[in-house]
Amino acid sequence: MDSSIKIPGFNARVGLDGLLGLIPGAGDTMGALISSIVISEAVHMGVPKSVLLKMAFNIALDVLVGAVPVLGDIFDFVWKSNQRNVVLLNDYLEHPRETLVTSRLFAWGLGAVLAVFAIVVGTLGFALVRALLNAGGV
């Protein structure tokens, strides 16, 4: 999905995921659905949830940034979420304890970032509503 096609004259490869990302709207969604096959196989292999979360994050980031016109298309060719997920799965199979520890740290870090984001957005929303109410004389 990420590097099946060699670009002549360059030491670079592209894949179906990047090419699908060029299709506005549906391309990134189709790529994510195909990419989820690796996660599905990992589930059947009994891979822990923290490793699966990291794999899902790789695909989600690919889809979210890939949805941005032009920048997202470039990102699709560079990020290579499927290769990252296969490497992560192989790392887990070869070194389960180390991969589990780093994946858990990633999950906690992601949770912390999301919590801070929610607090910041909530605080800004509260401040905006308060400013609007004060401006209206209420």
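Anyway, here's the lowdown on the structure attached to this text. (Residues numbered from 1 in each chain as written. Predicted model: local features only at pLDDT ≥ 70, side-chain atom pairs only at ≥ 80, totals over all residues. Heavy atoms only, no water.)

### Describing unusual backbone geometry
One non-glycine residue, Val-70, lies in the positive phi region at around 65°. Take Val-70: it is sitting in the loop between helix 3 (49-66) and helix 4 (71-79). Under the relative-accessibility criterion, Val-70 is labelled exposed at 57%. Phi at Lys-80 takes a positive value of approximately 55°, unusual for a residue other than glycine. Taking the relative accessible area as the measure of exposure, Lys-80 reaches 16% and is therefore buried. (Helix = DSSP H or I, 4+ residues; strand = E, 2+ residues; numbered from the N terminus. Buried < 20%, exposed > 50% of the residue type's maximum accessible area, 1.4 Å probe, protein only.)

### With respect to helix 4
Among the residues of helix 4, Gly-72, Asp-73, Phe-75, Asp-76 and Trp-79 are the ones counted as buried. Each buried residue of helix 4 sits inside an arc of 160° when the element is viewed along its axis, so together they form one side. In helix 4, the exposed positions angled more than 90 degrees off the buried face are occupied by Leu-71, Ile-74 and Val-78. Looking one or two residues beyond helix 4, the residue adopting positive phi is Lys-80, at roughly 55°. (Arc of directions from axis to C-beta.)

### Quick word on the packing of aromatic side chains
Scanning the model with the defined rule gives two aromatic pairs in all. Measuring from centroid to centroid gives 5.1 Å for Phe-57 and Phe-106, while their planes differ by 65°, and the two rings are edge-to-face. Pair noted here: Phe-57 is in helix 3 and Phe-106 is in helix 6 (residues 96-135), with a separation of 49 residues, a long-range link. Judged by relative accessible area, Phe-57 falls into the partly exposed class, the value being 27%. Centroid distance Phe-75 to Trp-79: 5.5 Å. Interplanar angle 15°. Geometry classified as stacked. Of the two residues, Phe-75 and Trp-79 are both situated in helix 4; the distance of four residues between them amounts to about one turn of the helix. Pair check on accessibility: Phe-75 and Trp-79 agree, each one buried. Here the guanidinium or amino end of Arg-84 rests over the ring plane of Trp-79, the centre of that ring lying 3.6 Å away. (Phe/Tyr/Trp six-rings, centres within 6.5 Å; stacked < 30°, edge-to-face > 60°. Lys NZ or Arg CZ within 6 Å of the ring centre and 35° of its normal.)

### Considerations on helix 6
For the α-helix, the turn length of 3.6 residues means that residues three or four positions removed from each other point alike. An ideal rise of 1.5 Å per residue puts 58 Å on 40 residues; helix 6 measures up with 58 Å between its terminal C-alpha atoms. The secondary structure elements touched by the buried residues of helix 6 are helix 3 and helix 5 (81-94). (Expected span 1.5 Å × (residues − 1). Contact = heavy atoms within 4.5 Å.)

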